Amino acid sequence: MCVIERVLPAGVVAEESFGDASHDPASVLFPEEVPLVARAVPKRQREFATVRLCARRALGRLGIAPAPLLPDRRGAPQWPHGTVGSMTHCDGYRAAVAARSNEVASIGIDAEPNGPLPDGVLDIVSLPRERVWIRALSAHRPEVCWDRLLFSAKESVFKTWYPLTGRELDFTEAELYADPVSATFAARFLVSGPVVDGRRLSGFSGRWAVGAELVVTAITVRGPSAPAPPRSVDVTPRNLLTDP
Ligand SMILES: CC(C)(COP(=O)(O)OP(=O)(O)OC[C@H]1O[C@@H](n2cnc3c(N)ncnc32)[C@H](O)[C@@H]1OP(=O)(O)O)[C@@H](O)C(=O)NCCC(=O)NCCS
């Protein structure tokens, strides 16, 4: 099973890579994609190419022919008609997921190294109440970098949010709670949420998983013809929000 599959429901296909496929990114990119990273450093060129190989493999499993995956003005990949997807890369890891847009309205994935955030970052990306549960869980379950998990979950929130809204979402505009028992998280929007299938969403729910080296998170918003509800997600904040 792929690492990223641990946080995905049925119906979403995933491909991942722990290395780069080619030292010559241009050899695996479509001509339209090559200029997008022509001036980038080699590391960026390789991750851009490898994650697109992953994405094309995932799309292929849905019966979609290989096609360029070009970013919009905000960097969001434009997925082939009838599909949605998401991509992520960090040191030593690249992953892409795809699904049919009638089954999944939007999806966001993120992978991060399982290490603490650099000094000062948590204060920028978190709300005071989030820092309360991060402190509590860090004392109780120190093997998980809860600050990094929060960051990854917020990146997944944005990657799910943006294709639905076309709007920015600041780190302080969604409040997250991670459940250590069910390995789920809940994001509550502090601004007006997207309308999906005629219903305005007040938040997203997602899943997280942590290995020796990676934290991965994913959010899947069901589409109009989703065959069955995703595995039940317990997003109860339990006792994590008790103020100190
Ligand atoms: C865009 C962003 C989410 C990318 O996350 P990251 O952890 O830096 O990088 P990752 O490697 O995990 O993901 C990069 C991929 O995300 C995808 N991506 C970029 N912009 C995106 C967007 N607007 N919507 C959806 N996906 C996007 C792209 O596929 C990109 O890879 P590519 O450039 O090779 O195609 C991040 O840089 C950012 O802008 N964050 C600020 C907004 C935010 O996170 N708000 C928090 C809300 S609670």
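Source: prediction; values computed, not measured. (Residues numbered from 1 in each chain as written. Predicted model: local features only at pLDDT ≥ 70, side-chain atom pairs only at ≥ 80, totals over all residues. Heavy atoms only, no water.)

## So, the site of the ligand
Convention followed: Here a residue is considered near a molecule or strand provided that any single heavy atom belonging to it is located within 4 Å of it. Polar contacts, as counted here, are pairs of nitrogen or oxygen atoms within 3.5 Å of one another; within protein the pair requires one atom able to donate a hydrogen and one able to accept it, and residues that are adjacent in sequence qualify only if both atoms are side-chain atoms. Per-residue and other accessible areas follow the Shrake-Rupley method at a 1.4 Å probe size, with only the shown protein chains counted as cover for residues. Comment: elements are numbered from the N terminus, with helices defined as DSSP H or I runs of at least four residues and strands as E runs of at least two. Charged residues are taken to be Asp, Glu, Lys and Arg, nonpolar residues to be Ala, Val, Leu, Ile, Met, Phe, Trp, Tyr, Cys and Pro, and polar residues to be all remaining types, Gly included.
Surrounding the ligand, one finds 21 residues, the nearest of these being Arg44, Thr88, His89, Glu155 and Lys159. Side-chain polar atom of Arg52 to an oxygen atom of the ligand: 2.8 Å apart, as the coordinates give it. If the ligand stood free it would expose 920 Å²; the protein chains cover 84% of that surface. Going through the elements one at a time, helix H1 (42-61), strand S2 (83-90), strand S4 (104-113) and helix H4 (146-165) are the ones with two or more residues in the shell around the ligand. A breakdown of the residues in the shell around the ligand according to their chemical character gives nine nonpolar, three polar and nine charged.

## Let's talk about the sheet that holds strand S1 (residues 13-17)
To keep it simple, the criterion reads: In this analysis, strands are considered paired if DSSP registers two or more bridges between them. Fitting a line to C-alpha atoms yields each axis, with helices limited to the stretch in contact; the angle taken between N-to-C directions then spans 0 to 180 degrees.
Here three strands make up an open sheet; going across it, the order is S1-S3-S2 and the pairing antiparallel. Bordering the open sheet on either side are S1 and S2, each of which pairs with just one other strand. Averaged over neighbouring strand pairs, the angle between their axes works out to 10 degrees when direction is ignored. Pairing analysis gives eight bridges linking S2 to strand S3 (residues 93-100), with the strands arranged antiparallel. Its bridge partner lying in S3, Met87 is registered against Ala96.

## Brief notes about the nonpolar core
Inclusion rule: Buried Ala, Val, Leu, Ile, Met, Phe, Trp, Tyr and Cys residues form a nonpolar core when they are joined through side-chain atoms within 4.5 Å. Summary of the burial criterion: residues with accessible area below 20% of their type's maximum are buried, those above 50% are exposed, and those between are partly exposed, where the area comes from a 1.4 Å probe applied to protein chains only.
Core analysis: the largest hydrophobic core is formed by 33 residues, its most contacted members being Trp133, Trp146, Val157, Leu176 and Phe204. Residue assignment for this core shows that the elements contributing at least two residues are helix H2 (121-125), helix H3 (128-140), H4, strand S5 (174-179), strand S6 (184-189), strand S9 (203-210) and strand S10 (214-222). For this core, the leading source of residues is H4, giving nine residues. Core analysis: the next-biggest nonpolar cluster, separate from the first, contains 20 residues, Cys2, Ile4, Ala14 and Tyr93 among them.

## What to know about H3
The following threshold applies: In this scheme, a helix's expected span is set at 1.5 Å multiplied by one less than its residue total. Here, residues are in contact when the closest pair of their heavy atoms is within 4.5 Å.
Counted at 1.5 Å a residue, the expected span for H3 with its 13 residues is 18 Å, and the 19 Å between its end C-alpha atoms agrees. Glu130, Val132, Trp133, Ile134 and Leu137 are the residues of H3 that are buried. For H3, the secondary structure elements touched by its buried residues are H2, H4 and S5.

## Details of the pairing of S1
Where burial is concerned, most of S1 is hidden: five out of the five residues are buried. When S1 meets S3, the two strands line up antiparallel, connected through five bridges. Within S3, the residue paired with Ala14 across the bridge is Val97.

## Some details on the sheet that holds S9
The five strands are arranged S4-S10-S9-S6-S5 in an open sheet whose pairing can be described as antiparallel. Looking at which strands have only one partner, the edges of the open sheet turn out to be S4 and S5. This sheet shows a mean twist of 20 degrees between the axes of neighbouring strands, independent of strand direction. Sheet topology note: the S9/S10 ladder contains five bridges and is antiparallel. Across the sheet, Trp208 pairs through a bridge with Thr217, a residue of S10.

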